[in-house]
Amino acid sequence: MTRGPLPDDLWQLVMSRSPVGMTIADAAGDLVLVNDAFCRMLGRSHDDLVSTNYVTFTHPDDLADSQAQFARVADGGLDDYRLRKRYVRADGTDVWVDLSVALVRDGDGRPEYVFSQVVDVTAQHDDQLALARATARAEHERLVGDAILDTVDVGLTLLDGDGAIERMNDRYRAFLALAHPDGDLTSTDPGLTFAADGTTPLSVAGLPSVRAIAGEEFDDYRIWVGDDPLTRRAVSVSARSVRDSEGRPVARALAMVDITVLLTALHLQANFANTVSHELRTPLTSIVGHLEMVAEGEVDLPEALTKPLAVVRRNAHRLLHLVGDILDENHLRTGSVALDRQDVDIDALVAEAIESAGPAATQHCLTIEADLAGTDRCFVDAERLRRVLDNLIGNAIKYSDDGGRITVSCEQRLARGHRTVLITVADDGIGIDRDDLARIRSPFFRGQQARARHSPGLGLGLGIVDAIVRAHGGLLHIDSAPGTGTRARVEVPADPLGRPAADGVGG
């Protein structure tokens, strides 16, 4: 059954109830009918809008395009169109609308009315504009970030959760190119990458990227990249985890700093120190040997020469000790000295060190107390561990005021089936400044207190102690503050590597 046109009252009902703005205009663009939704959209009344041409509330910047489209419909050349434009509300503000226009013809097919549906899309337009601005800002920041990353003289990269390279700057890419001249810049292939000695090929497990992927965070991990002597570089690598708001690691950041000049200088310094020390040690050993012969009475000397020769002997021994410190520091820092591990009575070793330090302590009216818990025999290098004790006890004596007290304790611990021995040297002396505490293990560094007291030494002792302890696979902890004394703790494995402690052994 064919239905006729909708009655006028039904059109009125549809328009009045519709949440979408609706208008009917004649061919000239004058409004004939508007609904409530359209009135609310423009903040105008029916009386203000009816018989008003749409031109009066169209935004000036959108008027030309709107008139051109409407003219085509009014002329009958176009039956409908859709346009996003702006209207101006009664209060002068803009409203963005999505306008759909359709031509209504009379019985003869001539254009009679123009029917419009108008949807307020201001919020959507504002959101799109804000998104576009945010996107443009993000792109600008990305370009600025890339420019900064490629300007700094540090290689930077970001690895995703699977270890793939997510982002890297030109400097990092250049380091990778040295290790991978074939162009395969993968993050888990060692390529031409070497350990700090510059000759030992780096394993996959030793790669900074692989260590970072495994969750490690580290600083100053030194490696060499490349094998061409003219272009290879030494780099110091640091790694940090990037975590989400819940603290879960989602990426790894690595930084590479070129330290080729530094390592080359250190190598030259070590070679120079080695050469000079060896050249000095030979004549000094001869001098000390002949002085010992004199001191033991093998040579008769006038009484007037005995005291001056004792001074010469004492200073010759001191000079020989300083030369030995320089050699030991170089050897231990480069890892060129192998430890001679043997079963050692640690309590006896500590007792011997305390006994040897007795005369120096007595000279300064210091008391040295021993707290030995009956430690079992340990698998260590006795000579070098004695060197550690001599240095720590010597420092405690050197930086304690007359009448002070020094305590040397030794105990053993058991963790995960492996024994460690903990040796502690504590004093109530002058202590160490906070700024100096972070640098006291550096070669040739002497703190403010040492300089103020004019204490003799080259500043190598604690560096040698730290190197010996690390060579044993142990740790050196130093706690101190001015006026509160110093506590040095040395903890080293007590058993041969890989051998668990016997049941029931521990402290």
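Residues numbered from 1 in each chain as written. Predicted model: local features only at pLDDT ≥ 70, side-chain atom pairs only at ≥ 80, totals over all residues. Heavy atoms only, no water.

**Focus: the overall build of the protein chain**
Moving on, step 1. Along the backbone of the protein chain there are 14 helices and 18 strands.
Moving on, step 2. For the protein chain, buried positions account for 37% of its 507 residues.
Moving on, step 3. Sequence-distant contacts in the protein chain: of pairs separated by 6 or more residues, those separated by 24 or more amount to 54%.
Moving on, step 4. Total accessible area computed for the protein chain in this model is approximately 28200 Å², and 54% of it derives from carbon and sulfur atoms. (Helix = DSSP H or I, 4+ residues; strand = E, 2+ residues; numbered from the N terminus. Buried < 20%, exposed > 50% of the residue type's maximum accessible area, 1.4 Å probe, protein only. Contact = heavy atoms within 4.5 Å. Areas by Shrake-Rupley, 256 points an atom, 1.4 Å probe, with all protein chains shown as cover.)

**Thoughts on the packing of aromatic side chains**
Moving on, step 1. Scanning the model with the defined rule gives five aromatic pairs in all.
Moving on, step 2. Ring centres of Phe-57 and Tyr-87 lie 5.0 Å apart, and the angle between their planes is 75°; this geometry places the pair in the edge-to-face category. Pair noted here: Phe-57 is in the loop between α3 (46-49) and α4 (60-74) and Tyr-87 is in strand β3 (residues 80-88), with a separation of 30 residues, a long-range link.
Moving on, step 3. Measuring from ring centre to ring centre gives 5.7 Å for Phe-218 and Tyr-221, while their planes differ by 75°; the resulting arrangement is edge-to-face. (Phe/Tyr/Trp six-rings, centres within 6.5 Å; stacked < 30°, edge-to-face > 60°.)

**Overview of a nonpolar patch on the surface**
Moving on, step 1. A surface patch of nonpolar side chains, about 210 Å² in accessible area, is lined by Val-32, Val-104 and Tyr-113.
Moving on, step 2. Residue placement: Val-104 occurs in strand β4 (residues 94-105).
Moving on, step 3. Under the relative-accessibility criterion, Val-104 is labelled partly exposed at 34%. (Patch = residues over 30% accessible without salt bridge, like charges linked within 9 Å, V, L, I, M, F, W, Y side chains within 5 Å. Salt bridge = Lys/Arg side-chain N within 4 Å of Asp/Glu carboxyl O.)

**Describing the sheet that holds strand β1 (residues 21-26)**
Moving on, step 1. Taken in spatial order, the five strands line up as β2-β1-β5-β4-β3 in an open sheet, and their pairing is antiparallel. Of all strands in the sheet, those bounded by a partner on one side alone are β2 (31-34) and β3. Going from strand to strand, the sheet's axes swing by 25° on average, the running direction of each strand aside.
Moving on, step 2. Relative to β3, α4 is tilted by about 145°, and along the sheet it contacts β1, β3, β4 and β5 (111-120). (Pairing = 2+ DSSP bridges. Axes fitted to C-alpha atoms, helices over the stretch in contact; angles between N-to-C directions.)

**Structural notes on helix α10 (residues 346-363)**
Moving on, step 1. Along its 18 residues, α10 runs 27 Å from first to last C-alpha, staying within 8% of the 26 Å computed at 1.5 Å per residue.
Moving on, step 2. At Ala-357, α10 shows its largest bend, some 45°, and a proline, Pro-359, comes one to four positions later.
Moving on, step 3. Those residues of α10 that fall on the buried side of the exposure criterion are Ile-346, Asp-347, Leu-349, Val-350, Ala-353, Ile-354, Ala-357 and Ala-361.
Moving on, step 4. Of the residues that open α10, the one with a side-chain oxygen 3.2 Å from the backbone nitrogen of Asp-347 is Asp-345.
Moving on, step 5. Downstream of α10 by a residue or two, Cys-365 has a phi angle that is positive, lying close to 55°. (Expected span 1.5 Å × (residues − 1). Bend = angle between axes of the 7 residues up to and from the residue. Polar contact = N/O pair within 3.5 Å; in protein donor to acceptor, adjacent residues only side chain to side chain.)

**What to know about the confidence of the model for the protein chain**
Moving on, step 1. With 80% of its residues at a pLDDT of 70 or more, the protein chain has an overall mean of 79.
Moving on, step 2. Per-residue pLDDT, averaged within each element of the protein chain, yields its smallest value for helix α13 (residues 448-452) (52) and its largest for helix α2 (residues 36-42) (92).
Moving on, step 3. Here residues 498-507 scores under 50 on pLDDT; set against residues more than four positions off or in separate chains, the count is 19 contacts. (pLDDT = per-residue confidence, 0-100.)

**Here we look at the sheet that holds strand β7 (residues 165-168)**
Moving on, step 1. Across the sheet, which stays open at both edges, the six strands sit in the order β7-β6-β11-β10-β9-β8 with antiparallel pairing between neighbours. This sheet does not close on itself; its edge strands, each paired only once, are β7 and β8 (193-194).

**Some thoughts on the environment of Pro-208**
Moving on, step 1. Its place among the elements puts Pro-208 in helix α7 (residues 208-213).
Moving on, step 2. Considering only alpha carbons, one finds Pro-208 and Leu-254, 46 residues apart in sequence, at a separation of 8.0 Å.
Moving on, step 3. Discounting residues that sit within four places of it in the chain, Pro-208 has contacts with Leu-202, Phe-218, Tyr-221, Ile-223, Val-237 and Leu-254.

**Description of the nonpolar core**
Moving on, step 1. Ile-346, Ile-368 and Ile-393 are the most contacted members of the largest nonpolar core, which totals 37 residues.
Moving on, step 2. Secondary structure elements with two or more residues in this core: α10, β14 (378-380), α11 (382-398), β15 (405-415), β16 (418-427), α14 (461-471), β17 (475-481) and β18 (485-493).
Moving on, step 3. Ignoring anything within four residues of it in the chain, the contact list for Ile-393 reads Ala-353, Ile-354, Ala-357, Ile-368, Val-408 and Val-425.
Moving on, step 4. By size, the runner-up hydrophobic cluster in this structure holds 24 residues, among which are Val-34, Cys-39, Val-101 and Leu-103. (Core = buried A, V, L, I, M, F, W, Y, C linked by side-chain atoms within 4.5 Å.)

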